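# A look at the structure
Below are the chains, spelled out letter by letter.
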Amino acid sequence: MQPKTTIWDLEPHTAAKHDILRRYLQAWIPILSQGKFPQLVFIDGFAGPGRYSQGEEGSPVIAVKAALEQRLPISAKLDFHFIELDKRRSEHLATELAAITLPSNFTTKIHGQRTFQDAFPEVWQRYTPKTGKRPPTFVFIDPFGIKIPFSYVSEILRAPNCEVLITFMFEEIGRFLSHENFEERLDELYGCREWRDCLDKSLPPKVKEKRLHDLYQRQLSGVATHVRSFTM
């Protein structure tokens, strides 16, 4: 369920996701920077306020600090983009980021009061040079509910040196699977119509969940070089 307050309590599964994000970026950023790429891009599609109710850091702060706290300074230009629809949360995030001193080769940009579907194409296009060689880009997609069409994810993964960490809410998908109004959204989410095979009411819940998960993983495998999945 999506929180209604500006900041909220950090749930254990979110803390685990953030730990994975932190550890991955702590490796991804220096490896790509040392690989002589002159520019790196990080996009947080659902950035939030940057802080939780007990002072825990949100994903935008985690991402920036993963770059700042490297043993060797990052030489590449590093652009951070944070997309957040809620006005109060984007303003709170601005305050959090303003308190962090950044080197001259780091930039942060908050795309406030905009959805991922609205802001992401603009950000993505900004890094599409005429040569076709876009900078390595890491996109964190951690939405509440069923929101992101597969077309967005596949476009990222088809690009060289671009990666996605995405939260796949298969429990919520299963809950609304047979609702008529969700058919179009599920077609977009999966990028296909095969999810309808899970409408069989005789399927045990665990079997249905596995099929919903496996279908999405197969879709990812069709466009990505490497796909890894784990349950939170």
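In what follows, the accompanying structure is described. Computed from a predicted model, the values in this text were never measured in an experiment.

## Quick notes on helix α2 (residues 59-68)
Residues spaced three or four apart along an α-helix face the same direction, because each turn holds 3.6 residues. Burial within α2 is extensive, with eight of its 10 residues counted as buried. Of the positions making up α2, those classed as buried are Ser59, Pro60, Val61, Ile62, Ala63, Val64, Ala66 and Ala67.

## Brief notes about the environment of alanine 47
Relative to the helices and strands, alanine 47 is located in the loop between β1 (39-44) and α2. Residue classification places alanine 47 among the buried residues on the basis of a relative accessible area of 6%. Excluding residues that lie within four positions of it along the chain, alanine 47 makes contacts with Ser59, Pro60, Phe82, Ile83, Glu84 and Leu93.

## Quick look at the pattern of salt bridges
Considering all chains together, one arrives at 16 salt bridges under this definition. As a salt-bridge pair, aspartate 19 and arginine 22 come within 3.6 Å of each other at their nearest N and O atoms. Of this pair, aspartate 19 and arginine 22 both sit in helix α1 (residues 12-34), three residues apart, which is roughly one turn of the helix. Judged by relative accessible area, which is 30%, aspartate 19 ranks as partly exposed. When salt bridges with common partners are traced through the structure, they connect Arg114, Asp118, Glu122 and Arg126 into a single cluster.

## Some points on the nonpolar core
Formed by 38 residues in total, the largest nonpolar core has its most connected members in Phe116, Phe120, Ile173, Leu186, Leu189, Tyr190 and Tyr216. Elements represented by at least two residues in this core include exactly β1, α4 (116-126), β4 (137-141), α5 (150-158), α6 (170-175), α7 (183-190) and α8 (205-221). Once you skip the residues sitting within four places of it in the chain, phenylalanine 116 turns out to touch Gly45, Phe46, Ile83, Pro121, Val139, Ile141, Ile148 and Tyr152. Grouped together as the second largest cluster of nonpolar side chains are 25 residues, Leu21, Val61, Ala67 and Ile100 included.

## Considerations on the pairing of β4
Taking burial as the measure, the five residues of β4 include five buried ones, the bulk of the element. Pairing of β1 with β4 involves four bridges; the strand directions are parallel. What sits directly across from valine 41, in β4, is threonine 137. Across five bridges, the pairing between β4 and strand β5 (residues 162-166) is parallel. Across the sheet, the residue bridging to threonine 137 is cysteine 162, located in β5. Regarding the hand of the β-α-β motif, the stretch spanning β4, α5 and β5 is right-handed.

So, how was this worked out
- Residues numbered from 1 in each chain as written.
- Predicted model: local features only at pLDDT ≥ 70, side-chain atom pairs only at ≥ 80, totals over all residues.
- Heavy atoms only, no water.
- Buried < 20%, exposed > 50% of the residue type's maximum accessible area, 1.4 Å probe, protein only.
- Helix = DSSP H or I, 4+ residues; strand = E, 2+ residues; numbered from the N terminus.
- Contact = heavy atoms within 4.5 Å.
- Salt bridge = Lys/Arg side-chain N within 4 Å of Asp/Glu carboxyl O.
- Core = buried A, V, L, I, M, F, W, Y, C linked by side-chain atoms within 4.5 Å.
- Pairing = 2+ DSSP bridges.
- Right-handed = clockwise from strand over helix to strand, strands pointing away.

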